[in-house]
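Chain by chain, the residues:
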Amino acid sequence: MTPHTRRLPTPEALTLLETRRSVAAAGLQAPGPDADQTRRLLAIAARVPDHAMLAPWRFIVISGAARGEIGALLSQAYRETNAHMPEEKREKFAAIMGRLFPAPLAVVVVSRPVVGATIPAFEQELSAGAACMNLLTGAAAMGFHGIWVTGWAATHKAALAILGVGEGERVAGILHIGTAKDAPADRPRPDVAALTTHWSPPQP
């Protein structure tokens, strides 16, 4: 890149990256992204490093009435697959499954590494993770809030069948997106200096 084509710094974008904060799904409410904004978010999610252009991920969008419908199915599946659990505890978590999609929009990012590709599966999975992060960052740039979660609904066989996740696929993340009910407070952040080293040649 020659000097005259170098992009100029964009303070607003840097501030967004420095201050983005996850908000619990239960703390998200309407408004959420509309249909056009959702399409744009998915395009942003797909604009990630992708060695050999394999597109080793796909998206499942959950919005509107589908949120309650899928919640009811997950709640029942939790009861059926945890019959051994004490009833009170089982019903508590089944109820949580029923309310799993309170935000106006949820996007399930499905990792689907291309079998037989020369690109290692690990690299393909990292690309799916990058798609999750792009969704969160894109949502923040649109003025929304969000969170990236996994848990039972993203890992259990019965839940995956309800979501529509197939053989050879895994859920990289469930992204809940909406508007925060309350201004989110920041949390302690890692000491970057303590996590950083500068390479130097090995000593003989």
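In case you missed it, the structure is sitting above this.
Structure report, in brief.

## Some details on the nonpolar core
As a rule of thumb, nonpolar side chains are buried together in soluble globular proteins.
No. 1: Grouped together as the largest cluster of nonpolar side chains are 23 residues, with contacts concentrated most on Ile 62, Leu 74, Phe 101, Val 108, Trp 152 and Val 171.
No. 2: Going through the elements one at a time, β2 (57-63), α3 (66-81), α4 (87-98), β3 (105-111), α6 (152-155), α7 (157-163) and β5 (170-180) are the ones with two or more residues in this core.
No. 3: The element that contributes the greatest number of residues to this core is α3, accounting for 4 residues.
No. 4: Those residues in contact with Phe 101 that sit more than four places away from it in its chain are Ile 62, Arg 67, Ile 70, Leu 74, Ala 106, Ile 174 and His 176.
No. 5: Grouped together as the second largest cluster of nonpolar side chains are 14 residues, Leu 41, Ala 45, Val 107 and Val 109 included.

## Observations regarding helix α2 (residues 35-45)
No. 1: Buried within α2 we find Thr 38, Leu 41, Leu 42 and Ala 45. Down the axis of α2, the buried side of the element spans an arc of 100°, and every buried residue falls inside it. In α2, the exposed positions angled more than 90 degrees off the buried face are occupied by Asp 36, Arg 39, Arg 40 and Ala 43.
No. 2: For α2, the secondary structure elements touched by its buried residues are β2, β3, α5 (121-141) and β5.
No. 3: Where α2 begins, one side-chain oxygen reaches toward the backbone nitrogen of Asp 36, 3.1 Å away; that side chain belongs to Asp 34.

## Details of the packing of aromatic side chains
No. 1: Applying the stated criterion to the full structure yields 3 aromatic pairs.
No. 2: A ring pair is formed by Tyr 78 and Phe 93, whose centres lie 6.3 Å apart and whose planes are at 35°; its orientation type is tilted. Here Phe 93 lies in helix α4 and Tyr 78 lies in helix α3, a separation of 15 residues in the sequence.
No. 3: Residue classification places Phe 93 among the partly exposed residues on the basis of a relative accessible area of 28%.
No. 4: Between Tyr 78 and Trp 152, the aromatic rings sit 5.0 Å apart at their centres with planes inclined by 70°, giving edge-to-face as the arrangement. One end of the pair, Tyr 78, is in helix α3; the other, Trp 152, is in helix α6, and 74 residues separate them in sequence. Trp 152 shares its class with Tyr 78; the two are buried.
No. 5: Three or more aromatic residues link up through ring pairs in this structure, and these residues are Tyr 78, Phe 93 and Trp 152.

## Quick look at unusual backbone geometry
No. 1: Between Ala 30 and Pro 31 the backbone carries a cis peptide bond, its omega angle lying at 5°.
No. 2: The backbone phi angle of Ala 52 is positive, close to 75°, even though this residue is not glycine.
No. 3: Considering the arrangement of structural elements, one finds Ala 52 in the loop between α2 and β2.

Conventions adopted
- Residues numbered from 1 in each chain as written.
- Predicted model: local features only at pLDDT ≥ 70, side-chain atom pairs only at ≥ 80, totals over all residues.
- Heavy atoms only, no water.
- Core = buried A, V, L, I, M, F, W, Y, C linked by side-chain atoms within 4.5 Å.
- Buried < 20%, exposed > 50% of the residue type's maximum accessible area, 1.4 Å probe, protein only.
- Helix = DSSP H or I, 4+ residues; strand = E, 2+ residues; numbered from the N terminus.
- Contact = heavy atoms within 4.5 Å.
- Arc of directions from axis to C-beta.
- Polar contact = N/O pair within 3.5 Å; in protein donor to acceptor, adjacent residues only side chain to side chain.
- Phe/Tyr/Trp six-rings, centres within 6.5 Å; stacked < 30°, edge-to-face > 60°.

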